[in-house]
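Breakdown of the fold
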Amino acid sequence: MSDQLLSPTNIAELASVSRSVVSNWRKRYDDFPEPVGGTDSRPLFSRDEIISWLTARDYTVTEDTVATIWASLNVLRGILEADSAQILVLLLFGIRQYLPDEFDEIAGAHRNERLSLLDAAEAELRSHYPTDEKNRVALRVDLADLLTGISPASVDPLLTAIGSAEVGRIADYADEIIARFSRTDRFGNVHGSVGSSSSALLAALLRDVEGTVYDPASGIADALVLVAAHHRATSLIGSEISPRALIVACLRTMLSGVNVSFTLGDVLAEDPVPDLVADAVIVEPPLGVRVDPTDMLADPRFSYGISSSMGSELLWIQHALAHLAPEGRAYVLTSHAVLRRGRREKDIRANLLTAGCVEAIVSLPSRTLSYTATPPALWVLRNPGPARSVLFIDARDVTEPRDVVPSWLSEGRIDAPHARIDITTLLADGSDLTPAPWTGFDDVDPTLVKKAAIDTAAALSATLESLAASQLPPIALDGLPKPQITTVGKLLDVGVVERVPNRAGRTAKTDPSVVRHQHLRDQALPTQCENPALNSTDETKPGDVLLTTVHGIFAMVDWGGDRRVSLGVEHLRVTDRSALAPDYLAFALTGTWNERFRVESAMSRITLEDMEIPMIPLSDQEEVGQLLSRIGEIQNQARHIVQLGDEARSGILDAVRHHIDIS
């Protein structure tokens, strides 16, 4: 594809290597293509030149439609805001799918004629948005304003890339593009991210729900699209305050073939669907948003109470209840702060408890929400009625809430700290609905606590005896010759060490044999490939050295081989073991002197070629390696002692807390 420009990240995707590898290519190879655009800090390269260079070196070039479309935006970066670029891409996707003749006309038209054709196509496409005519007018995209300052030629690569996309997969491509914008721009995150944990959980909770589903803070409609995939709900309704987010939601649902009806507006200020009755309501409202409660005092939706200006989350809960069918359920995500804040919010919680509206509260893990690390809480709500207790679950340590929480709430076995607490007890304790204080104590098994404490103490004693009996070989390094200080870059140049290209890429996320940063940090390699390929360049060989410099320097020798390597790990192979021992190389790479080469950035790393290796004779390398290996074994024993000590301490304290005899 001519005229397309690639960033270093795009090149890394094209070659299935890490970005640092591309940086090293630019430093090491004089024939690497020169930038043809961009800036010194963000250079852009000719796609054709890069592909020719990679092909000449036998790198497999991965032609990826989404990556190509993403790279076509390079010429627009710095000119077009991220949310505007996202809407432009989605509009072109929509025109390509719904108005193919108009798309071809736009792509083939003279550049000066495109704007009028785009305007006409946008108006035609917008007439199909799943909302009313008043909202469609409000959702109009002013393309003349959006494209101000952009050369007409700059849109050519984007039109070509989208024109080459497989029509049957446009919805998938659109979702991947939205996901990329979500990772790079706050717009996408605040209004939802494709396939987010929170959306996946809310959709999983509604897996068997039939009838009407309502999401009053639908954002880019991620949860509703996932609910639609269950093919049970007969009607999907969404509301959103942000016009930009609603444009994305309309285009996304149209491309996916999902039937959703949207409204635009401030839901808390004015109910856009006052007569709606839903069988299920799901809400992931923005956290900590200030509201003016003055105009809400007479609103019948908020009969349980109006809180302070920081209490919008309790208003969302009441809005959800106001639209719930008699046997329906509402699932609302909030911050933990709203579970225990005092004053007015305490009174609202008490009113909700007294009315029997709170069925369960679940603490969820950090990173459940795409835009913050703050762990949220899930409220399970029902209409007012007789109720005696509330179920509390502390699921903060759960890896995938969507896989377990729905079954826990439907009377399944709960494999997490939990408790069912009487409403009278909750009211007497200030209506604190935080799960942690209420969970974990009633399910303690005295036999297990006693056994764990005794077994751990015995293991600790045995390990201490073993360590006390350990002997460290004499340290006698006075006869070592003065080392010759060289660098990894020089070792690569003379062929003593080979840098093995990393081809695991993004497809290896679930492969248990892939070596990642944490494996080197913990000094424990993963399992080997079950079916290693013959002479595969994708897998390690015995004696390969693996290195990461992220947040420290960690290196290991893979003496077993048959493992794959993630993009964040350097893969080295000693090709001349008469000059350099693999274990000595791994130890030398971790020398503290190499920290001075660290480049501080968002992802702090050290350039591999700069790292220094003190070269000594092979026999001395082996002696030093044996000494450091023995010290490493002792360190591992010491770490094991610390772990056992923590477990023994915890066991003893548990026994004291629960009055368990461990004699």
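Data block above holds the structure.
I will try to describe carefully the structure that is included in this document. (Residues numbered from 1 in each chain as written. Predicted model: local features only at pLDDT ≥ 70, side-chain atom pairs only at ≥ 80, totals over all residues. Heavy atoms only, no water.)

**Some thoughts on the overall build of the chain**
Scanning the chain from N- to C-terminus turns up 25 helices and 22 strands. By its C-alpha atoms, the chain is 90 × 85 × 40 Å across when sized along the principal axes. By the burial criterion, 51% of the 663 residues in the chain qualify as buried. Pairs at least 24 apart in sequence give 72% of the contacts found in the chain among residues at least 6 apart. About 31,600 Å² of surface is accessible on the chain, with carbon and sulfur atoms providing 51% of the total. Computing the positive centroid from 61 side-chain charges and the negative centroid from 91, the chain places the two 3 Å apart. (Helix = DSSP H or I, 4+ residues; strand = E, 2+ residues; numbered from the N terminus. Buried < 20%, exposed > 50% of the residue type's maximum accessible area, 1.4 Å probe, protein only. Contact = heavy atoms within 4.5 Å. Areas by Shrake-Rupley, 256 points an atom, 1.4 Å probe, with all protein chains shown as cover. Lys, Arg positive; Asp, Glu negative; His and termini not counted. Charge placed at Lys NZ, Arg CZ, Asp CG, Glu CD.)

**What about empty space enclosed by the protein?**
All told, the structure shown has two cavities of 30 Å³ or more when counted by the stated rule. Approximately 80 Å³ is the volume attributed to the largest cavity. Going through the elements one at a time, α1 (8–15) and α4 (65–71) are the ones with two or more residues in the lining of the largest cavity. Here the lining of the largest cavity is built from residues that sort into four nonpolar, four polar and four charged. (1 Å grid on protein atoms, 1.4 Å probe; cavity = no way out; pocket = protein on both sides within 12 Å on 5 of 7 lines; lining within 4 Å. Points joined across faces, edges and corners; volume = space filled by probe spheres on them. Nonpolar A, V, L, I, M, F, W, Y, C, P; charged D, E, K, R; others polar.)

**Some thoughts on the pairing of strand β3 (residues 43–46)**
Relative to β3, strand β1 (residues 5–6) runs antiparallel, the two sharing two bridges. Bridged to Leu5 within β3 is Ser46. Between strand β2 (residues 37–38) and β3, which follow one another and run antiparallel, lie four residues. (Pairing = 2+ DSSP bridges.)

**Regarding the pattern of salt bridges**
What the rule picks out here adds up to 28 salt bridges. For Arg340, the salt bridge goes to Asp432, with nearest N and O atoms at 3.6 Å. In this pair, Arg340 is assigned in the loop between β8 (324–334) and α17 (344–354) and Asp432 in the loop between α19 (423–428) and α20 (435–438), connecting sequence segments 92 residues apart. Residue classification places Arg340 among the exposed positions, given a relative accessible area of 52%. Looking at Asp432, the relative accessible area reads 11%, which means it is buried. Notably, a salt bridge pairs Arg596 with Glu612, separated by 2.8 Å at the nearest N-O pair. Taken together, the residues span a long stretch of sequence, with Arg596 in the loop between α24 (582–589) and β20 (598–599) and Glu612 in strand β22 (residues 612–615) at a distance of 16 residues. The exposure class of Glu612 is buried, given its relative accessible area of 18%. In this structure, a network of salt bridges that share partners links the residues Arg111, Arg114 and Asp156. (Salt bridge = Lys/Arg side-chain N within 4 Å of Asp/Glu carboxyl O.)

**Brief notes about the packing of helix α6 (residues 100–108) against helix α10 (residues 156–163)**
In the contact formed by α6 and α10, the axes pass within 10 Å of each other and the chain directions differ by 145°. Every pair of crossing elements has a handedness; the one defined by α6 and α10 is left-handed. Facing Phe103, Ile106 and Ala107 of α6, the residues of α10 in contact are Leu159, Ile162 and Gly163. (Axes fitted to C-alpha atoms, helices over the stretch in contact; angles between N-to-C directions. Left-handed = near helix turned anticlockwise from the far one by under 90°.)

**Description of the environment of Leu391**
When you line up the elements, Leu391 lands in strand β11 (residues 389–394). Leu391 gets classed as buried once you look at its relative accessible area, which sits at 8%. If we skip the residues at most four places from it in the chain, Leu391 touches Glu359, Ala360, Ile361, Leu409, Ile414, Ala419 and Arg420.

**So, the sheet that holds β1**
Spatial strand order, β1-β3-β2: three strands in an open sheet with antiparallel pairing. Looking at the sheet topology across the chains shown, the edges are occupied by β1 and β2. With two bridges joining them, β2 and β3 adopt antiparallel strand pairing. By the bridge assignment for β3, Gly37 is matched with Leu44. Contacts between helix α3 (residues 47–56) and the sheet are confined to β1 and β3, with β3 contributing the most and set at about 70° to the helix.

**So, the sheet that holds strand β17 (residues 554–558)**
Strands sit in the order β14-β19-β16-β17 across an open sheet of four strands; the sheet is antiparallel. The sheet is open, and its two edges are formed by β14 (497–499) and β17, each paired on a single side. Going from strand to strand, the sheet's axes swing by 25° on average, the running direction of each strand aside.

Geometric values such as these leave the question of function open.
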